[in-house]
Amino acid sequence: MPEPRANTRTETRASTETQLDDAWRVVVLNDPVNLMSYVVMVFKKVLGFNETKARKHMLEVHEQGRSVVWIGVRETAEAHVFTLQQWHLTAVLEPDETR
Amino acid sequence: MKRVEKRVEVKLSLPVVAPLLDIIRELSRELEKSLAAPQALHDLDQEFRGAWIGELLEGQQEDLRGLLSLFNAQFFSEGVVAFDEKNAEPIVRACTAIRLQLRERRLKVLGDEALETGDVDMAGLDETARKAFMCYLFLATVQELIIQHLDSTIIGR
């Protein structure tokens with residue numbers, strides 16, 4: 001996957017320190033193509049979920065259209081989004097504004 | 001102790017599957033320059049977004065080559081394809097890429113609900129759409145097969 005952005009590149013951003021410290025959410029969106037078993041398998045493989053947790057999030061995606069599957073530092077969130085996208089899931093990165 | 005490599009061989013119906021390969025090859029060519037699942041990357045700067053998409057595209061192309069290589073001389077002589085530790089993951093991903101592209105380019109007529117439930121009146125489809133939907137179902141079957149038989153030992157590791 002692309003190398004995580006170097007700290008120097010974030011200099012142009014406002015409040016760099018704050019941004020790096022802030023939490024980011026990895027959100028998976030529903031699509032009509034991917035099989036339920038496939039999504040469960042991807043969650044287990046990419047995010048290390050057990051079967052129960054993977055099924056819970058898969059059903060959330062299926063029934064509610066989206067599921068927050070991970071929250072944490074930006075760099076790791078980016079890595080998860082990239083890997084989920086490699087598996088052709090629609091995954092997006094969102095700032096976690098609940099904190 | 002030597003670990004036994006898991007391998008699953010499946011005998012397919014040549015007359016049924018061979019005609020679907022033309023669609024798979026055609027869609028693979030379409031996917032050389034675009035992602036099967038276009039992603040919203042608004043939060044990335046332009047340079048990083050370019051590298052990100054480039055790497056996704058490269059991986060997608062490699063996976064599709066893996067899927068196409070499944071249909072080799074053994075398939076055309078005996079109808080047999082083999083899944084193993086090396087090719088399972090790329091093939092499962094490539095099946096998804098092709099299925100997404102089928103939805104986008106060949107099966108719009110069906111609508112998403114029909115695709116999701118599989119509740120499709122095949123007799124009501126024209127030849128092109130019927131073939132595309134057969135391909136869509138065939139690739140889902142390949143995925144299920146790999147996930148069921150190889151998941152815990154190979155993909156889940």
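As shown above, the structure is provided for reference.
Calculation criteria
- Residues numbered from 1 in each chain as written.
- Chains lettered and ligands numbered in written order.
- Predicted model: local features only at pLDDT ≥ 70, side-chain atom pairs only at ≥ 80, totals over all residues.
- Axes fitted to C-alpha atoms, helices over the stretch in contact; angles between N-to-C directions.
- Helix = DSSP H or I, 4+ residues; strand = E, 2+ residues; numbered from the N terminus.
- Parallel < 35°, antiparallel > 145°, perpendicular 65-115°, else oblique.
- Contact = placed C-beta atoms within 7 Å.
- Nonpolar A, V, L, I, M, F, W, Y, C, P; charged D, E, K, R; others polar.
- Core = buried A, V, L, I, M, F, W, Y, C linked by C-beta atoms within 7 Å.
- Buried ≥ 20, exposed ≤ 12 C-beta atoms within 10 Å, placed from the backbone.
- Pairing = 2+ DSSP bridges.

Residues and elements named next belong to chain B. Where helix α2 (residues 46–68) contacts helix α4 (residues 88–105), the axes come no closer than 8 Å and their chain directions differ by 105 degrees. Of the possible angle classes, the one that applies to α2 and α4 is roughly perpendicular. Between α2 and α4, the contacting residues are Gln60, Glu62, Asp63, Leu64, Gly66 and Leu67 on the first element and Pro90, Ile91, Arg93, Ala94, Cys95 and Ala97 on the second. Class assignment for the residues of the contact of α2 with α4 results in seven nonpolar, two polar and three charged.

Residue and element names in this part refer to chain B. Residues Ile91, Cys95, Ile98 and Cys135 are the most contacted members of the largest nonpolar core, which totals 34 residues. Residue assignment for this core shows that the elements contributing at least two residues are α1 (14–30), α2, β2 (80–84), α4 and α6 (127–155). For Cys95, the contacting residues outside a window of four places in its chain are Leu67, Leu139, Val142 and Gln143.

Residue and element names in this part refer to chain A. With antiparallel pairing, the three strands of this open sheet are ordered in space as β2-β1-β3. Each end of this open sheet is capped by a strand with a single partner; those strands are β2 (66–72) and β3 (90–95). The sheet shows a mean angle of 25 degrees between the axes of neighbouring strands, taken without regard to direction. Relative to β3, strand β1 (residues 24–29) runs antiparallel, the two sharing six bridges. Bridge pairing in β3 places Arg25 opposite Glu94. Across the sheet, helix α3 (residues 51–64) touches β1 and β2, and the angle it forms with β2 is around 135 degrees. Across the sheet, helix α4 (residues 74–86) is in contact with β1, β2 and β3; its angle to β3 comes to roughly 165 degrees.

This part is about the environment of Asp22 of chain B. All names here are of chain B. For Asp22, the location among the structural elements is in helix α1. For Asp22, a count of 11 C-beta atoms within 10 Å gives the class exposed. Along the sequence, Asp22 and Ala97 sit 75 residues apart, while their C-alpha atoms lie 16 Å from each other.

Interpretation note: all reported values are geometric properties and have no functional meaning in isolation.
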